[in-house]
Amino acid sequence: MWSSLTPIVVLLASLLLHLVALVSADQGSTTSQWQTLKGKPPLVIARGGFSGLLPGSSSDAYKFTLSTSVPDVLFWCDVQLTREGAGICFPDLLLNNNSNVDIIYPKKDKTYIVNGVHAGGWFTIDYTLKDLANVSITQGVFSRANRFDDNMYPILTVEDVAINLTAPGLWLNIENSIFFSQHNLSMRNFVLSVMRKVVVNYISSPEVAFLNSIKGVVNPRTTKLVFRFLQETEIEPSTNQTYGSLLKNLTFIKTFASGILVPKTYIWPVTNDNYLEPHTSLVLDAHEAELTVFVSDLVNDAPLPYNYSYDPLAEYLSFIDNGNFTVDGVLSDFPITPSAAIDCFAHLRQNASVQDKPLVISKNGASGDYPDCTDLAYMKALEDGVDVLDCPVQMSKDGIPFCSSSINLIHTTTVAQTSFQNFTMVVPEIQADNGIYTFSLTWDQTKTLKPSISNPQHGYKLYRNPRFKSAGTFMRLSEFFTLAKNRSSVSGVLISVEYAAYLAEKQGLSVTDAVINELNKAGLDNQTALDIMIQSTNSSVLMKFKEKSKCKLVYKIEEVIGDALNTTLQDIKKFANSVVINKASVLPVNNEYITGATNVVTKLHAFDLPVYVELFSNEYVSQAWDFFSDPTVEINSFVSGAKVDGVITDFPKTAARYKRNRCLLYKERPSYMKPVPPGALLTVVSPLQLPPAEAPNPVLTESDVIEPPLPSALAPGITNGSTVVPPQPPPNGQPKIAACFFLSNLALLVATLLLL
């Protein structure tokens, strides 16, 4: 079932994938499209290798780059000098920031003056290569995976990286040359000596004097000199000017360098509240001065400007395919993402071929960008290219069906701050704590509420589009149908129905009848242009629709499952045409590492049941480490690897763009567009760092899906106010649902309060 990327340890040494990538890259890139200085595709520079996943500058980080990047990727090496003047590739002047030196040599830290500032720690200049043989590289970014730190990666010399690791190209970054010279070590002499042994393609430095010292002795045809700009207010030591002032004199830069390397905000400035400003003219100005432009600070696992919707690939495209300019190269900790951006996604035509799969299904509209189920969220989903637009139906007190992601208005609105706060009640069939429910307010009252954007990752301080956190209006189901049927790009709608038994028995509201009536009014009951899909976690609801309509029925399995009995699938087939499962039921996860793959999708397909999977979000913390903080890698692994039929996402633009990428059409896909092998990343983790084993996920049985018939609507049994209803068994016989919603409510309630 899975495309054969072997486990990562084998991948690291694989030259076959490297050659495949070369052929594929040649298929996809044409020089005439690129607005670089020379009209060639931009370069990918891997900072310390694949340092976004593995410890930067380690052997595996560099080797893994070969298996996940374009063939002409450049290995970036931050050069530091040891006591005897040997050059090592290490991210920092201080060894303790990225190694276990403090454990190997305890209490050996020292203090030196670096660029006029006192700095303390374990410095490279105090250790010989022999001393460093006992020191191993570790992850220096504490928010990244640290389970590879016990792999005992040795510190590498520049020659190790260039020769032993067969670097396709080598970029040496030289900083603190002045500091080394103060300690009788010459970075210039080292660079000149190493260039007699290996080919160095690029040398960058933020020091004007250093670049001037070597410009006359390097061959400009083989080695390019690049001036690296630091933050605009920092002082360049040899000229005593700020980097911001030097930026205004590109003619001067051209006297000692052929290119510049700048932080990304030099090109796309950002406001104080993290939104993009219009791009500067820097790239065009530099190209006019015959300077190449490289951009730094591009990482997948950091908050991006909100304009990118947490999609790192979108950020890369803004630097290489914006219609105005293309930077000549990108410096990345995650080289797989710019590789795909350049080869697979740049310069896609409007009429580019679109793959049939996956079916892109919205989750409350484009709720990653706007409040759930508002007109703005739905319009954005349509603009983004969604295939199926969704509406979770709720009922107002006066029987009006409308779209809302939760029956509890506290989750989706600012109702708790209004005069309706006294409508709080406890409904054990829904959740164990207080709520203000849709059936307690009339539609006219509901329309007065302000929406509240969902922030599922607020615990990581990752928020969604705060300028529009309360924008938009809610839509009646009738308005939703009108919107959807007038868009030819939409192939269907997905109507979710939950708590139907409770609403019928206790509130006298028949949500199934309300939906069917609106379908009839909209003329959607007897047509084929738009697929009408009804989704529910309750088989009794789907049976009711099967009796009264011709809709396609979708059964949602909320629980994480590891398998399903054939008899259970036969029962599901009686009332459903397709199934929704969660990601962990396809690729089980343990401590954010994928442990393997189940056969659930294969078994569902054997019963002719298409499989839609949720939830695909762009925030990097929502993805397993295996997907490299890239939502496109995750989508590709589920679609190309697990063969799912559709993805349910709150960021439909990312999934819709995936379907258009040209690499899907290649006879042999490049390595950066192949699915991640399930469980491969765990094979790189040392046994001491492996997460504890977990019990296998349960098997879906017949008792999990069979329910009594849906009751008819009765007179209301609950009135407004703070009445506490005595606990009763859930009407569908599935107590797990109430527990699930209880946990969900706690999380979302906290998120709502944090936004107030």
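Residues numbered from 1 in each chain as written. Predicted model: local features only at pLDDT ≥ 70, side-chain atom pairs only at ≥ 80, totals over all residues. Heavy atoms only, no water.

A. Examining the overall build of the chain more closely. For the chain, the count of helices and strands is 26 helices and 31 strands. Per-residue burial over the chain gives 59% buried out of 756 residues. Sequence separation of 24 or more characterises 73% of the internal contacts of the chain that already satisfy a separation of 6 or more. In the structure as shown, the chain presents an accessible area of about 29500 Å², 54% of it carried by carbon and sulfur atoms. (Helix = DSSP H or I, 4+ residues; strand = E, 2+ residues; numbered from the N terminus. Buried < 20%, exposed > 50% of the residue type's maximum accessible area, 1.4 Å probe, protein only. Contact = heavy atoms within 4.5 Å. Areas by Shrake-Rupley, 256 points an atom, 1.4 Å probe, with all protein chains shown as cover.)

B. Representation of the nonpolar core. Of all hydrophobic cores here, the largest spans 200 residues; its most connected members are Ile267, Ile495 and Ile572. Residues within four places of Ile495 in sequence aside, it is in contact with Cys391, Val393, Leu477, Phe480, Phe481, Val515, Met533, Ile534 and Gln535. Membership of the second largest hydrophobic core comes to ten residues, among which are Trp76, Trp171, Val226 and Leu261. (Core = buried A, V, L, I, M, F, W, Y, C linked by side-chain atoms within 4.5 Å.)

C. Local environment of the packing of helix 13 (residues 312–320) against helix 14 (residues 336–345). Where helix 13 contacts helix 14, the axes come no closer than 9 Å and their chain directions differ by 60°. The orientation of helix 13 relative to helix 14 falls into the category oblique. Judged by the twist between their axes, the crossing of helix 13 over helix 14 is right-handed. Facing Pro312, Leu313, Tyr316, Leu317 and Ile320 of helix 13, the residues of helix 14 in contact are Thr337, Pro338, Ala341, Ile342 and Phe345. Its residues assigned to classes, the contact of helix 13 with helix 14 shows nine nonpolar, one polar and no charged. (Axes fitted to C-alpha atoms, helices over the stretch in contact; angles between N-to-C directions. Parallel < 35°, antiparallel > 145°, perpendicular 65-115°, else oblique. Left-handed = near helix turned anticlockwise from the far one by under 90°. Nonpolar A, V, L, I, M, F, W, Y, C, P; charged D, E, K, R; others polar.)

D. Just helix 15 (residues 375–384), in detail. Restricting attention to buried positions, one finds in helix 15 the residues Ala377, Tyr378, Lys380, Ala381, Leu382 and Asp384. Turning to helix 15, the residues buried within the fold contact strand 17 (359–362), strand 18 (388–395), strand 19 (401–403), helix 18 (477–485) and helix 25 (652–660). The positive-phi residue at the C-terminal boundary of helix 15 is Gly385, with phi of around 95°.

E. Representation of the pairing of strand 2 (residues 74–81) in the model. Judged by how many residues are buried, strand 2 sits mostly within the fold: eight of eight residues are covered. Neither face of strand 2 is exposed, since Leu74, Trp76, Asp78 and Gln80 on one face and Phe75, Cys77, Val79 and Leu81 on the opposite face are all buried. One ladder, built from three bridges, connects strand 1 (residues 43–47) with strand 2; its direction is parallel. From the neighbouring strand, Ile45 faces strand 2, where its bridge partner is Leu74. In this view, the connection linking strand 1 to its parallel neighbour strand 2 by way of helix 3 (residues 59–66) has right-handed handedness. The sheet contact formed by strand 2 and strand 9 (residues 170–174) spans five bridges and is parallel. Bridge pairing in strand 9 links Val79 to Ile174. Relative to strand 3 (residues 87–89), strand 2 is paired through three bridges, and the arrangement is antiparallel. Residue pairing in the sheet places Gln80 in a bridge with Ile88 of strand 3. (Pairing = 2+ DSSP bridges. Right-handed = clockwise from strand over helix to strand, strands pointing away.)

F. Representation of the state of the cysteines in the model. Scanning all chains against the criterion turns up three disulfides. Note on cysteine connectivity: Cys344 is disulfide-linked to Cys663, with sulfurs 2.0 Å apart. Between Cys344 and Cys663 the disulfide shows an S-S torsion of about -85°. By sign, it is left-handed. Highlighted residues: Cys344 in helix 14 and Cys663 in the loop between helix 25 and strand 31 (699–700), separated in sequence by 319 residues. The pair Cys344 / Cys663 is uniform in exposure class, with both members buried. (Disulfide = S-S within 2.5 Å.)

G. Spatial organisation of the pattern of salt bridges. Counted according to the given criterion, the structure contains 26 salt bridges. As a salt-bridge pair, Lys447 and Asp444 come within 3.5 Å of each other at their nearest N and O atoms. According to the relative accessible area criterion, Lys447 is partly exposed, its value standing at 49%. Among the salt bridges present, the one from Lys603 reaches Asp563, with a minimum N-O distance of 3.3 Å. Separated by 40 residues along the polypeptide, Lys603 in helix 23 (residues 600–606) and Asp563 in strand 25 (residues 563–564) bring together distant segments of the chain. For Lys603, a relative accessible area of 18% translates into the label buried. Of the residues examined, Asp563 reaches a relative accessible area of 23% and is grouped as partly exposed. (Salt bridge = Lys/Arg side-chain N within 4 Å of Asp/Glu carboxyl O.)

H. Region of the structure containing the environment of Asn364. Looking at the secondary structure, you find Asn364 in the loop between strand 17 and helix 15. The buried category is assigned to Asn364, whose relative accessible area is 8%. For Asn364 and Ser406, which are 42 residues apart along the polypeptide, the C-alpha to C-alpha distance reads 9.9 Å.

I. Fine view of the confidence of the model for the chain. Confidence in the prediction for the chain averages 90 pLDDT; 90% of positions are at 70 or higher. The model gives residues 717–756 a pLDDT under 50, and that stretch makes 79 contacts with residues more than four places away or in other chains. (pLDDT = per-residue confidence, 0-100.)

J. Summary view of the packing of aromatic side chains. As enumerated under the stated definition, the model contains 32 aromatic pairs in all. On the basis of an interplanar angle of 35° and a centroid distance of 5.2 Å, the ring pair of Phe50 and Phe64 is categorised as tilted. Here Phe50, found in the loop between strand 1 and helix 3, pairs with Phe64, found in helix 3; they are 14 residues apart in sequence, far enough to count as distant. Accessibility classification places Phe50 together with Phe64 in one group, the buried group. Ring geometry for Phe50 versus Phe334: centroids 6.0 Å apart, planes at 80°, classification edge-to-face. Within this pair, whereas Phe50 is found in the loop between strand 1 and helix 3, its partner Phe334 is found in the loop between strand 16 (329–332) and helix 14, the two being separated by 284 residues in sequence. Across this residue pair, the class does not change: Phe50 and Phe334 are buried. Through a chain of ring-to-ring contacts, three or more aromatic side chains come together here, namely Phe227, Phe229, Tyr243, Phe252, Phe256 and Tyr266. A cation over a ring is seen here: Arg467 above Tyr275, with NZ or CZ 4.0 Å from the ring centre. Directly above the ring of Phe616 sits Lys583, whose terminal nitrogen or CZ lies 5.4 Å from the centroid. (Phe/Tyr/Trp six-rings, centres within 6.5 Å; stacked < 30°, edge-to-face > 60°. Lys NZ or Arg CZ within 6 Å of the ring centre and 35° of its normal.)

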